[in-house]
Every structure is written in structure tokens, then in C-alpha cells.
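Take a look at the letters that make up each chain.
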Amino acid sequence: MKRVLLLWIIVCSFEFLHAQTLVPILWDAYDLEFDAPKGLLLEENTEEILILDNSCFYISLVSLDSEDMEKADMPDLLKGLVDYDEVKNSSEVKELELQHFHVVYLKGQVEDESCYMVCMMAKDSGELFYVSIYYNRVEDIIVDKMLKSFRYKRS
């Protein structure tokens, strides 16, 4: 009986890992690409916003006005956006450098869902984006991989 239970747990684990296969997603208005779980549904795709979701994720990317914005302003901007979105139990703001972006982010909670809230500034053009990733029943490592995958498709 223990072997059957162990086998069932292993099979379920493989199913969960398979369900979290990451695939490239393109926001064509900006040639902005990132890896996200397979099976997300596209809810909106305009020059202002990209929204994807499924039962485990709600992901939104918003283009922000970047006039007069500098890299040093990003942590304060993120804190203001997070306050507006009523994020609770937030971590400290962390920085991340990607090939094409300066990134600041934090983790927190909105109602009963975990979230990553992110501001990204393009290194070459200064374009500014606010990314919200709400998730449940998923480990942080999957969301962390998504965060680190943001890139421009253009060279």
C-alpha cells in the first residue's frame, strides 16, 4: 500500500511540474518577451496593457509614462504603486539587472494570493513597465524564473 501511495505522489508531482512548463509570451506592442506558464489565456493586448490569466496566475504588464523618470526613482515609484494596489506583508524592494532592463521588485500578498510587483526600465530607451504577477498553488521559484526571463525580442 505504501508503494502505491508513493507511486501516486510521484505521478502527481510530475503532472504538476509538467503543468508549469514555461513558454515565451510576446507583448508585440513593445517586442517585450518573457517566459510564463503554458496555458495562460490572453485577456487583453493593447499598447497600454497586456493581461494573461488562468486558475493559478493573473499577470498584467502596464506601460507607464517614463518622462523625467530615472533609475534611482524606481523604488519609490514601486512603493507608491504597491500601496495603491493594497499589497500587504511586502518584502523589501530588491534590485535586479537583466540584459535589457533595470528591475526593482518585491513580494507580497493581495487578499489570499501571493504576488510579485515589479517595475522595469529599459536600459536603451527608458521605457517603463509595471508588472504584477498574482499567483496561488505555485512555488515562488516558478515566478522567480518568470521575473528573470524578461527581455526584448529585438536585438
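What counts as what
Residues numbered from 1 in each chain as written. Predicted model: local features only at pLDDT ≥ 70, side-chain atom pairs only at ≥ 80, totals over all residues. Heavy atoms only, no water. Pairing = 2+ DSSP bridges. Helix = DSSP H or I, 4+ residues; strand = E, 2+ residues; numbered from the N terminus. Core = buried A, V, L, I, M, F, W, Y, C linked by side-chain atoms within 4.5 Å. Buried < 20%, exposed > 50% of the residue type's maximum accessible area, 1.4 Å probe, protein only. Contact = heavy atoms within 4.5 Å. pLDDT = per-residue confidence, 0-100. Arc of directions from axis to C-beta. Axes fitted to C-alpha atoms, helices over the stretch in contact; angles between N-to-C directions.

Caption draft 1: A look at the sheet that holds strand 1 (residues 22-27). If you trace the 3 strands from one edge of the open sheet to the other, you get 1-2-10, paired in antiparallel fashion. Single-partner strands in this sheet number two, and they are strand 1 and strand 10 (151-152). Sheet topology note: the strand 1/strand 2 (residues 32-37) ladder contains 6 bridges and is antiparallel. Its bridge partner being in strand 2, Pro-24 is matched across the sheet by Asp-35.

Caption draft 2: Just the nonpolar core, in detail. Among the nonpolar cores identified, the biggest contains 33 residues, and Phe-57, Ile-59 and Phe-101 are the most heavily contacted of them. The set of elements that each furnish at least two residues to this core consists of strand 1, strand 2, strand 4 (49-53), strand 5 (57-64), strand 7 (101-110), strand 8 (113-122), strand 9 (128-135) and helix 3 (140-147). Apart from the residues lying within four places of it in its own chain, the contact partners of Ile-59 are Phe-34, Ala-36, Leu-40, Leu-50, Ile-51, Leu-52, Ser-132, Ile-133 and Met-146. Of all hydrophobic cores here, the second largest spans 15 residues; its members include Met-74, Leu-78, Met-117 and Leu-128.

Caption draft 3: Here's a closer look at unusual backbone geometry. Notably, Asp-68 is not glycine yet its phi reads approximately 65°, a positive angle. With respect to the element layout, Asp-68 can be found in the loop between strand 5 and helix 2 (74-84). Residue class for Asp-68 comes out exposed when judged on its relative accessible area of 69%. The residue Glu-86 is not glycine, and still its phi comes out positive at about 60°.

Caption draft 4: The side chain of Ser-149, seen in detail. As for its position among the elements, Ser-149 is in the loop between helix 3 and strand 10. Those residues in contact with Ser-149, other than ones at most four positions away along the chain, are Glu-33, Phe-34 and Asp-35.

Caption draft 5: Here's a closer look at the confidence of the model for the chain. Here the chain averages 87 in pLDDT, while 86% of its residues score no lower than 70. The model gives residues 4-8 a pLDDT under 50, and that stretch makes 0 contacts with residues more than four places away or in other chains. Counted against residues more than four places away or in other chains, residues 11-19, with its pLDDT under 50, gives 3 contacts.

Caption draft 6: Structural context of helix 3. For helix 3, the set of buried residues is Ile-142, Val-143, Met-146 and Leu-147. Down the axis of helix 3, the sector holding all buried residues measures 140°, keeping them to one side.

Caption draft 7: Geometry of the sheet that holds strand 9. Strand order in the open sheet formed by 7 strands is 3-4-5-9-8-7-6, with antiparallel pairing between adjacent strands. Across the chains shown, the open sheet's two edge strands, defined by having one partner strand only, are strand 3 (41-45) and strand 6 (94-97). Ignoring strand direction, the axes of neighbouring strands in this sheet form an average angle of 15°. In the sheet, strand 4 pairs with strand 5 via 5 bridges, with the strands oriented antiparallel. Bridging across to strand 5, Ile-51 finds its partner in Ser-60. The sheet strands contacting helix 2 are strand 5, strand 7, strand 8 and strand 9, and the helix crosses strand 8 at an angle near 145°. Most of the contacts of helix 3 go to strand 8, to which it runs at about 15°, and overall it touches strand 5, strand 6, strand 7, strand 8 and strand 9.

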